[in-house]
Amino acid sequence: MKAIISEKYGSPDLLKLREVITPTPKKNQVLVRVHASSINFGNLVLLTGNPLPARLAFGLRKPKYVIPGGDMAGIVEAKGEDVTQFQVGDEVYGDLSSSGWGTFAEYVVVDENQIALKPSNLSFSEAAAVPMAASTALQALRDKGKIQAGQEVLIHGASGGVGTFAVQIAKAFGAKVTAVVSTQNVNIARSLGADHVIDYKMENFENLEQTYDLIVDVNGSQSIATYKRKLKDNGAFIHVGGANRQMYQTMMRGPWLSIFGKKKFITFLQRHNQKDLVCLKELIEEGKVRPVIDRSYALSEISEAFRYFEKGHSKGKVVITI
């Protein structure tokens with residue numbers, strides 16, 4: 001099969017398209033013919049090896065996972081004898097970032113509990129844009145933020161992969177959503193259902209009187225002190241991504257602020273959960289959530305796709321067709 005190989009940390013130019021042996025599923029695994037994948041921030045970390053602490057999981061000197069790629073959507077082509085959830089021919093999707101990666105390839109083997117049936121109203125390319133980014137948004141809002149209907153929720157960085165899902169999922173939970181985006185992405189945020197949209201190039205949200213029950217920061221650069229001022233008492237700030245400085249502030253100062261104050265400050269990493277894939281499937285089929293795709297590239301164009309993605313200006317997801 002054809003696959004993208006990453007043998008050392010560095011730039012997108014190091015990614016090579018090669019022929020490798022097609023894997024064989026074990027007793028509890030399925031073999032999936034991959035139709036599409038997508039790029040997430042975790043893919044960029046696996047490519048570059050930065051930030052350096054990530055190498056403890058990804059490999060100290062070189063990538064532990066030679067075939068990168070976490071998200072995937074495709075068709076089950078074979079299954080192990082102990083597999084009960086899926087049949088050959090099923091259309092599935094999933095996030096393999098916690099089970100060996102490997103989706104930048106024509107085929108991948110995966111444990112059956114790592115995937116779910118694909119949303120029936122999405123193409124393979126659309127479905128491949130969902131797993132990691134949408135699960136991150138869902139877990140940040142529901143599990144960490146304890147979102148409730150009627151709450152005021154701020155999504156900072158609402159036009160990227162996680163942000164576009166966060167706006168929609170927050171609305172699906174009945175929240176009043178304020179989206180912070182750049183001028184060129186105002187219409188995208190509005191089309192996703194945001195109740196209010198702040199163009200950060202035109203106005204600074206910290207100068208507004210509004211405070212929030214929950215703030216999810218996907219791609220911000222403000223200090224943790226700024227977000228503290230914008231939270232209501234008993235509110236929560238969830239750090240998903242953004243400047244490294246902000247991440248370290250949340251990790252180091254957040255626990256102390258949470259213990260000695262009425263406001264919570266949380267940073268977390270998304271964890272794969274099959275039940276979340278099923279939940280997202282239901283939200284998508286009900287028409288409450290949809291993926292936003294910025295650009296699509298062929299597998300042979302993977303280096304170009306990463307060069308675009310690492311600029312940090314994608315509107316929604318960057319998809320790889322296979």
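Anyway, here's the lowdown on the structure attached to this text. (Residues numbered from 1 in each chain as written. Predicted model: local features only at pLDDT ≥ 70, side-chain atom pairs only at ≥ 80, totals over all residues. Heavy atoms only, no water.)

It is worth spelling out the pattern of salt bridges at this point. Applying the stated criterion across every chain yields a total of 11 salt bridges. Arginine 307 is the partner of aspartate 13 in a salt bridge, and the nearest nitrogen-oxygen pair spans 2.5 Å. Of this pair, aspartate 13 sits in the loop between strand 1 (2-5) and strand 2 (16-19) while arginine 307 sits in helix 10 (residues 302-309), and the two are 294 residues apart along the sequence. The class for arginine 307 is partly exposed, based on a relative accessible area of 36%. Linking aspartate 276 and arginine 142 is a salt bridge whose minimum nitrogen-to-oxygen distance equals 2.7 Å. You can see aspartate 276 sitting in helix 9 (residues 274-285) and its partner arginine 142 sitting in helix 4 (residues 131-144), a full 134 residues away along the chain. On the basis of relative accessible area, aspartate 276 is assigned to the buried category, the value being 4%. The exposure class of arginine 142 is partly exposed, given its relative accessible area of 26%. (Salt bridge = Lys/Arg side-chain N within 4 Å of Asp/Glu carboxyl O. Helix = DSSP H or I, 4+ residues; strand = E, 2+ residues; numbered from the N terminus. Buried < 20%, exposed > 50% of the residue type's maximum accessible area, 1.4 Å probe, protein only.)

Here we take up the environment of methionine 72. Within the secondary structure, methionine 72 sits in strand 4 (residues 71-79). Discounting chain neighbours no more than four positions away, the residues touching methionine 72 are Val32, Val34, Ala36, Ser37, Val92, Tyr93, Gly94, Leu96, Thr103, Ile115, Ala128 and Pro131. (Contact = heavy atoms within 4.5 Å.)

Further remarks concern the packing of aromatic side chains. Under the defined criterion, the tally for this structure stands at five aromatic pairs. Geometrically, the ring pair formed by tyrosine 227 and phenylalanine 237 is stacked, given 4.6 Å between the ring centres and 25° between the ring planes. A residue pair is termed long-range when its members are at least 10 positions apart, and tyrosine 227 in helix 7 (residues 224-230) and phenylalanine 237 in strand 12 (residues 231-239) qualify at 10 residues. As far as burial versus exposure is concerned, tyrosine 227 and phenylalanine 237 are alike and both buried. Between phenylalanine 237 and phenylalanine 265, the aromatic rings sit 6.1 Å apart at their centres with planes inclined by 45°, giving tilted as the arrangement. Taken together, the residues phenylalanine 237 in strand 12 and phenylalanine 265 in strand 13 (residues 264-267) connect sequence positions 28 residues apart. Like phenylalanine 237, the residue phenylalanine 265 is buried in the burial classification. Joined through ring pairs, the aromatic side chains of Phe205, Tyr227, Phe237 and Phe265 make up one cluster. The ring of phenylalanine 124 has lysine 118 sitting right over it, with the charged end atom 5.2 Å from the ring centre. (Phe/Tyr/Trp six-rings, centres within 6.5 Å; stacked < 30°, edge-to-face > 60°. Lys NZ or Arg CZ within 6 Å of the ring centre and 35° of its normal.)

For helix 5 (residues 161-172), which comprises 12 residues, the first-to-last C-alpha distance of 17 Å matches the rise-based estimate of 16 Å (1.5 Å per residue) to within 8%. Within helix 5, 10 of the 12 residues are buried, which leaves the element mostly enclosed by the surrounding structure. Of the positions making up helix 5, those classed as buried are Gly161, Val162, Gly163, Thr164, Phe165, Ala166, Val167, Gln168, Ile169 and Ala170. Considering only its buried residues, helix 5 is in contact with helix 4, strand 8 (152-156), strand 9 (176-181), helix 9 and strand 15 (317-321). Downstream of helix 5 by a residue or two, glycine 174 has a phi angle that is positive, lying close to 90°. (Expected span 1.5 Å × (residues − 1).)

As a further point, take the sheet that holds strand 10 (residues 196-199). Read across the sheet, six strands follow the order 10-9-8-11-12-13 without closing on themselves; strand pairing throughout is parallel. Each edge of the open sheet carries a strand with a single partner, namely strand 10 and strand 13. Averaged over neighbouring strand pairs, the angle between their axes works out to 15° when direction is ignored. Packed on one face of the sheet, helix 4 meets strand 8, strand 11 (212-217), strand 12 and strand 13 and runs near 150° to strand 11. Sheet contacts for helix 5: strand 8 and strand 9; angle to strand 9, the most-contacted strand, approximately 165°. (Pairing = 2+ DSSP bridges. Axes fitted to C-alpha atoms, helices over the stretch in contact; angles between N-to-C directions.)

Time to look at the environment of lysine 264. Within the element layout of this structure, lysine 264 appears in strand 13. Relative accessible area serves as the criterion here: at 40%, lysine 264 is assigned to the partly exposed category. Lysine 264 sits 36 residues away from lysine 228 along the chain, and the two C-alpha atoms are 9.0 Å apart.

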